[in-house]
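Single-letter residue listing:
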Amino acid sequence: MFQAASAKLAQTLLVLLIVSAASFAFLKLAPGDPVGIMLGSDYSKSSYDQLTHELGLDRPVVQQYGIWLADFVRGDWGTSYITNQDIFELAVMQALPVTLTLAALSLLIALVIGIPTGVMAALYRNSWADVLATTLAIGGNAFPSFYLGILLIWLFGVDLGWFPVLGFVAPWEDFWLGMWHLVLPAVTLGAWYVGLIARITRSSLLEVLGQPYILAARARGEPGWRVVWVHGMRNVLMPLVTVIGLQLGGMLRGAVMTEVVFALPGLGMMVTTAVLNREYIVVQAGIMLTGLLFVAVNLAVDQTYQFLDPRLRRR
Amino acid sequence: MSDALNITAIPDSQWKRRFLQPLLRQRSAVAGLAIIVIYVVAAVFAPWLATHDPAAQDLMASLQGPSAAHWLGTDSYGQDLYSRLLYGAQLALIIGFASVALGLVAGVAIGLAAGLMGGRTEWVLMRIVDGLLAFPELILAMAFMAVLGLGTENVVYALALSFVGPFARMTRGDVLQVKNQPYIEAARLMGVTTAAIIWRHVLPNVVSPILVQAGMRVSIAILLESGLSFLGIGVVPPTPDWGLMIAEGRAFITMAPWISGVPGVALAILLVALNLLGDGLRDAFDPTTQKDA
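Residues numbered from 1 in each chain as written. Chains lettered and ligands numbered in written order. Predicted model: local features only at pLDDT ≥ 70, side-chain atom pairs only at ≥ 80, totals over all residues.

K.L.:
Can you tell me about the overall build of chain B, naming the residues and giving the values?
P.N.:
Each helix and strand in chain B was counted, giving 12 helices and 0 strands. Secondary structure elements of chain B, listed N to C terminal, follow the sequence α-α-α-α-α-α-α-α-α-α-α-α. With respect to the principal axes defined by its C-alpha atoms, chain B has extents near 75 × 45 × 35 Å. In chain B, which comprises 293 residues, the share counted as buried stands at 44%. The long-range fraction of contacts in chain B, counting pairs at least 24 apart against all pairs at least 6 apart in sequence, stands at 69%. (Helix = DSSP H or I, 4+ residues; strand = E, 2+ residues; numbered from the N terminus. Buried ≥ 20, exposed ≤ 12 C-beta atoms within 10 Å, placed from the backbone. Contact = placed C-beta atoms within 7 Å.)

Structure below.
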């Protein structure tokens, strides 16, 4: 157990190192000369050389990477050329919480709608619930989230006027106003997950309901809801967590689009703006941060297995 | 003896029975295929079907609803939406298939090399693949676009690069499974060259899961392509691209909902069709999922 955990840790550290090297490589590959950009249009050869030296750009690449990594770990991510803002502050303190709040709320909406739909679909096969689950699964998964967002803005924001169209209010500053602003974006992003969750719930529940212990529970005279929601759902949790974790890439893809459509100042918006402005140092911070997030979620999904399934704990 | 060597390749009739028939038996997959065929026809014959030059602007005729002159209306530049829709289908399908094909070739090559060579080569190659897989596709594609610059061709390269990881990892996994089978050993002992072993004995055994994966990737590629263009970091105007069209129509959603509606609905239907076909392919190749369907 301890050995397995330390092997996992070593592997994760290696991936983190690769992620950081890739982010650094991106900055090196990016077109344009950072020294030229910082100095503007008018500079002398000596001031150019001096700044190059100060930034450490005249050292070997491996050494530059070492310095960059040390700065990165310390939270010294540089400042934006355009807004003069500290990039760590911008990415971690401002953008990241927005994206995480959006993702968490969408996931919540998707679970609240997806799980009951999947359960109904499994219990009443070929009924309307089953048809709905399949339709949601195919439609929600394929429908481009940025167009769905536009449609929701049009219908609920402009036409009916129920929800604000754009902008973000932090729920930790004004909870209800923040939630009100987040409803449409969260539905847009969550729509993508609903079908997936419904489909996985349905198929895993169908599999579980045929097991002897379910029959035994029924034979003991346990009420139907208990059989399904307690005995059945316990075994649906694992595939559900796996799928949610595996689809994080899709979630982040949707989050970028949703943030841009609804003008939410999250990571997706930050990276998009930075690419458009050719602010590669900010893009790189976004790349590094999403990479870290990705690795962290994969690790977390791995760890939840033991928590969700006692059979895995001994090994 | 040649029979013994060919045992790995699936004969034609068996291919039909094992793959084509299960696929055609699924109504949803056939429906998806039919829709895709319509899109392909529209894309191929776009020059003949279009009524206008897709990039021709006519400011006098901007923001018009559907009419006899402009079947699906016009956008804010007076460009004909019907013609742009057709050429947009062409662009989406070309970028979708080209990027997946490129990513597949590069990924399979890396996976084969890693799986067959082993040792240090494998370690280095798989760490590169780990690096690619450590990022969400869209972020990876955005990063590549930032390095490569905007434009249709660069979208293909950026998407292809972001698909290399999954293909490489899959191929390597399959190769490792196949590599130690007795028939590979037998072929090697009989003096079959490594290239022939790869081509005739390894590839046929790894190709079907990879093709299924490719089928499902095409819809992701088209979604990413239109998404990148929507964000303004993909194809550049006035190229008739659905993502660009949706972005352009966004500002006119209350006055002229058809500007984003025409490409939006077209994109959604195509993606649903591709997903239906992709699911069908997966089920047809994987007998374990068939009992549930």
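K.L.:
Quick rundown of the interface of chain A and chain B? Include the residues and the values.
P.N.:
Across the boundary between the two partners, chain A contributes 38 residues, which contact 36 residues of chain B. Those elements giving two or more residues to the side of chain A that touches chain B turn out to be α1 (2-29), α6 (128-142), α7 (145-159), α12 (248-262), α13 (267-276) and α14 (280-308) of chain A. The biggest single contributor to the side of chain A that touches chain B is α14(A), with 7 residues. Among the residues making up the side of chain A that touches chain B, the classes are represented as 30 nonpolar, 7 polar and 1 charged. (Nonpolar A, V, L, I, M, F, W, Y, C, P; charged D, E, K, R; others polar.)

K.L.:
I'd love a proper account of α12(A), names of residues and values included.
P.N.:
Residue and element names in this part refer to chain A. With 15 residues, α12 should reach 21 Å at 1.5 Å per residue; the first-to-last C-alpha distance of 20 Å fits that figure. In terms of burial, α12 is a largely internal element, 12 of the 15 residues being buried. Those residues of α12 not exposed but buried are Met251, Leu252, Arg253, Gly254, Ala255, Val256, Met257, Thr258, Glu259, Val260, Val261 and Phe262. Looking one or two residues past α12, Ala263 carries a phi angle of roughly 55 degrees, positive in sign. (Expected span 1.5 Å × (residues − 1).)

K.L.:
Tell me what's going on with unusual backbone geometry, and back it up with residues and numbers.
P.N.:
Cis peptide bonds are those with omega within 30 degrees of zero, and the linkage from Pro237(B) to Pro238(B) qualifies with 5 degrees. Counting through the fold element by element, Pro238(B) comes out in the loop between α10 (194-231) and α11 (242-250). With a phi angle near 55 degrees, Ala263(A) is a residue other than glycine that sits in the positive phi range. Structurally, Ala263(A) is set in the loop between α12 and α13.

K.L.:
Which residues make up the confidence of the model for chain B, and what values do they have?
P.N.:
Residue and element names in this part refer to chain B. For chain B, the mean per-residue pLDDT works out to 83, and 91% of the residues sit at or above 70. Per-element averaging of pLDDT across chain B places helix α1 (residues 2-5) at the bottom with 44 and helix α5 (residues 81-117) at the top with 92. Low pLDDT, under 50, characterises residues 288-293; the stretch is placed with 7 contacts to residues that sit more than four places away or in other chains. (pLDDT = per-residue confidence, 0-100.)

K.L.:
So what about the environment of Leu223(B)? Which residues, and what values?
P.N.:
You can see Leu223(B) is positioned in helix α10. With 29 C-beta atoms packed within 10 Å, Leu223(B) lands in the buried category. C-alpha of Leu223(B) to C-alpha of Gly243(B): the two residues are 20 residues apart in sequence and 8.8 Å apart in space. If we ignore the near neighbours within four places in the chain, the residues touching Leu223(B) are Pro144(A) and Leu271(B).

K.L.:
Can you explain the environment of Gly232(B)? Please cite residues and give values.
P.N.:
For Gly232(B), the position within the fold is in the loop between α10 and α11. For the pair Gly232(B) and Gly243(B), spaced 11 residues apart in sequence, the C-alpha separation works out to 8.8 Å. Leaving out residues up to four positions away in the same chain, Gly232(B) has contacts with Leu276(A) and Ala247(B).

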